[in-house]
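Understanding the architecture of this molecule
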Amino acid sequence: MAQHRLLYVVGARPNFVKMAPVVAELRRRLPDAVHVLVHTGQHYSDELSEIFIDQLELPEPTHRLETGSGSHGEQTARVIERLEPVVEAERLDLAFVAGDVNSTLAAALVLVKLGVPYGHVESGLRSFDRSMPEEINRIVADEFADHLFAHSEDAVENLRREGIEPERIHLVGNTMIDTLCRLEPRFRELGLAERLGLEPGRFVLVTLHRPALVDGPVLHEVLDQLQALAQCVPVLFPVHPRTRQRIADESRYPDVRFVAPVGYLEFLSLEADAGAVLTDSGGVQEETTFLGVPCFTLRPGTERPVTTRLGTNVVLGVDPSRIADVADAVGAGPRAHDVPPLWDGHASERIADIVVERLR
Ligand code: UD1
Ligand code: UDP
C-alpha cells in the first residue's frame with residue numbers, strides 16, 4: 001500500500017477519550033502510514049489536557065495550535081486560521097474529527113474547504129436544541145463528513161432523516177467505551193473513593209459544565225440543592241473550570257466536597273464506585289450506562305436517548321428540586337440495564353476496517 005497520510009484533530013477533554021483508540025488502532029493497522037496528531041489547544045490546563053494525553057497513551061501531538069479560550073467566534077476562528085496551513089502542508093489522504101466541540105466545527109470547515117475527506121467519530125447525535133453550541137457543531141461536522149461513524153441506531157436514524165446518503169453512514173459503536181474497556185483494569189485498581197474516605201456505592205459524584213446550567217442563576221439553586229443532598233449522602237464534585245469561575249463562594253455549601261477536575265483514570269474509578277452520578281456531561285451519561293451506575297442528567301433532554309432507554313440514565317430536566325431524587329438511588333445498588341449494541345470495546349476496530357478498505 002502507498003504511504004498514506006492521516007490526520008486526527010483533538011482539542012478538548014472528551015475529544016481525547018473518543019479519539020485515542022482510533023489513533024491507536026489505525027497506527028497498529030497502518031504502521032507505514034504517517035499519522036499526524038493535531039492538538040488545537042482549546043483545552044490547555046493540565047487537568048483537562050496533558051493528563052489525558054498521558055493516561056490514554058496518545059502520541060505526542062505533531063502540531064500544537066495553542067488556540068486557547070475565547071468567544072465562540074474567536075476560538076473557532078483561531079483554530080481555522082492555525083489549522084489551515086497545517087492541513088495544506090501535510091498533504092493528507094484522510095482526516096478524523098470527534099464529537100461536537102468548537103475545535104470539531106473548525107476542523108470540519110478547514111478540511112471540507114481544502115478538499116480533504118474526513119470521518120466524524122460520534123456522528124449523528126442530536127439534542128434538537130439549536131441554542132446548544134454543540135448542536136450546531138455536530139450538524140456542520142456531519143454535513144460535510146465523508147464517513148459518519150455512529151455509535152447507536154438513534155444516531156443513524158437522525159442522519160437518515162436529514163437525507164445523508166446511507167453509504168456515508170457507518171454504525172460502528174462507541175469509541176469512548178473502547179477507551180473505558182482498555183483502561184478498566186487500571187482504573188479499577190485505583191480505589192480512589194476509599195482513598196478519599198468515601199464508601200463505595202454510598203456517595204454521589206457530580207459534574208456540571210453546560211453554559212445553560214452553569215452560566216446563569218440556576219447554578220446557585222443547584223448548589224443549594226447539592227448542599228441539602230450532602231446532608232444525607234456524601235457529595236463529591238470535581239469542578240470544571242467554567243463552573244469554578246461561576247461559583248461565587250464555595251463556603252456557602254460547606255458539606256459539598258469541591259475538588260479540581262480529576263484525570264481520566266481517577267474519574268472512572270470514582271464513577272464506577274459511585275452510588276449515583278449527577279451530571280450534564282454527554283460522555284458521563286454513556287460511561288455510567290456501560291458501568292450500570294445510576295445517572296441523573298440535569299438537562300432538558302439528551303442527545304443520547306439510548307442511555308435512557310437501555311441504560312441507567314434518568315433525565316431530570318433543568319429542575320434543581322429534582323436533585324433530591326438522587327438520594328433514593330444511592331445504596332439501591334447497580335440499576336438493571338442493558339449495554340447498547342456495539343458498545344463492546346471494539347468500535348475503533350470497526351472504524352479501522354472501513355478506513356483500511358477505503359484506502360486500499
Ligand atoms: C467545551 C465544549 C463543550 C464540552 C466541554 C468538555 C465548546 C463550545 N464547548 O466547553 O462542548 O462539553 O468543552 O469539557 O466547544 N478553561 C480553563 N482551562 C482550559 C480550558 C478552559 O480554565 O483548559 C476555562 C476558560 O476560562 C474558558 C472556560 O473554561 O473560558 C470554558 O472553556 P471552553 O473551551 O470555551 O468551553 P468548555 O466549557 O470547556
Ligand atoms: N472526565 C474526567 N475528569 C473529570 C470529569 C470528566 O476525566 O473531572 C471525563 C469523563 O469520564 C468523560 C469525559 O471526561 O470521559 C467527558 O468530558 P466532559 O464531561 O468534559 O465533556 P462532554 O462529554 O460533556 O462533552
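Described in the following lines is the structure provided in the data block. Remember, predicted model here, so these are calculated numbers, not experimental data.

What follows covers the packing of helix 1 (residues 13-29) against helix 7 (residues 175-188). Across the interface, helix 1 lies against helix 7 with an axial gap of 7 Å and an inter-helix angle of 80 degrees. When the axis of helix 1 is compared with that of helix 7, the two are roughly perpendicular. Contacts between helix 1 and helix 7 involve P14, V17, K18, P21 and V22 on the former and, on the latter, T175, M176, D178 and T179. Looking at the contact of helix 1 with helix 7 residue by residue, the classes come out as five nonpolar, two polar and two charged.

The subject of this paragraph is the environment of I136. Along the chain, the position of I136 falls in helix 5 (residues 133-144). Sequence-wise, I136 and L105 are 31 residues apart; in three dimensions their C-alpha atoms are separated by 8.2 Å.

So, about the site of ligand 1. Y44, S45, E134, R242 and Q245 are the nearest of the 19 residues found near ligand 1. One of the side-chain N or O atoms of H209 is found 2.8 Å from an oxygen atom in ligand 1. Protein contact buries 88% of the 750 Å² of open area that ligand 1 shows by itself. Sorting the residues of the shell around ligand 1 by element identifies helix 3 (72-90), helix 5 and helix 11 (241-246) as the ones contributing at least two each. Of the residues assigned to the shell around ligand 1, the class counts are six nonpolar, ten polar and three charged.

Its identity is not glycine, yet R91 carries a phi of approximately 45 degrees, on the positive side. By the element assignment, R91 lies in the loop between helix 3 and strand 4 (94-98). When its relative accessible area of 59% is taken as the criterion, R91 is described as exposed. With phi around 70 degrees, L342 is a residue other than glycine that occupies positive phi space. Its place among the elements puts L342 in the loop between helix 15 (326-329) and helix 16 (347-359).

Next up on the list: the pattern of salt bridges. Side chains that carry opposite charge are capable of pairing whenever their charged atoms lie near each other. The tally for this structure, following the rule as stated, stands at 28 salt bridges. The partner of D353 in a salt bridge is R29, and the shortest N-O contact between them spans 2.6 Å. Taken together, the residues span a long stretch of sequence, with D353 in helix 16 and R29 in helix 1 at a distance of 324 residues. The partly exposed category is assigned to D353, whose relative accessible area is 40%.

Taken together, the six strands give an open sheet; going across it, the order is 10-9-8-11-12-13, and neighbouring strands pair in parallel fashion. Strands with a single pairing partner mark the edges of an open sheet, and in this sheet they are strand 10 (256-259) and strand 13 (313-315). For this sheet, the mean angle separating the axes of adjacent strands, direction not counted, is 20 degrees. Alignment of strand 12 (residues 295-297) against strand 13, held across three bridges, turns out to be parallel. Of the residues in strand 13, the one forming a bridge with T297 is V315.

In this section: the site of ligand 2. Around ligand 2, a shell composed of 19 residues is seen, among which R210, V262, S281, G283 and E287 lie nearest. Contact distances for ligand 2 include 2.9 Å between an oxygen atom and a backbone N or O atom of G282. Coverage of ligand 2 by the protein chains reaches 98% of its 530 Å² of free accessible surface. Partitioning the shell around ligand 2 into residue classes produces ten nonpolar, five polar and four charged.

It is the contact of helix 3 with helix 4 (residues 102-113), at a shortest axis distance of 8 Å, that shows an interaxial angle of 45 degrees. When the interaxial angle is binned, helix 3 and helix 4 end up oblique. In the crossing of helix 3 with helix 4, the sense of the turn from one axis to the other is right-handed. Here helix 3 contributes H72, Q75, T76, V79, I80, L83, E84 and V87 to the contact with helix 4, which in turn contributes N102, S103, L105, A106, A107, L109, V110 and L111.

Quick notes on the rules
Residues numbered from 1 in each chain as written. Chains lettered and ligands numbered in written order. Predicted model: local features only at pLDDT ≥ 70, side-chain atom pairs only at ≥ 80, totals over all residues. Heavy atoms only, no water. Axes fitted to C-alpha atoms, helices over the stretch in contact; angles between N-to-C directions. Helix = DSSP H or I, 4+ residues; strand = E, 2+ residues; numbered from the N terminus. Parallel < 35°, antiparallel > 145°, perpendicular 65-115°, else oblique. Contact = heavy atoms within 4.5 Å. Nonpolar A, V, L, I, M, F, W, Y, C, P; charged D, E, K, R; others polar. Near = heavy atom within 4 Å. Polar contact = N/O pair within 3.5 Å; in protein donor to acceptor, adjacent residues only side chain to side chain. Areas by Shrake-Rupley, 256 points an atom, 1.4 Å probe, with all protein chains shown as cover. Buried < 20%, exposed > 50% of the residue type's maximum accessible area, 1.4 Å probe, protein only. Salt bridge = Lys/Arg side-chain N within 4 Å of Asp/Glu carboxyl O. Pairing = 2+ DSSP bridges. Left-handed = near helix turned anticlockwise from the far one by under 90°.

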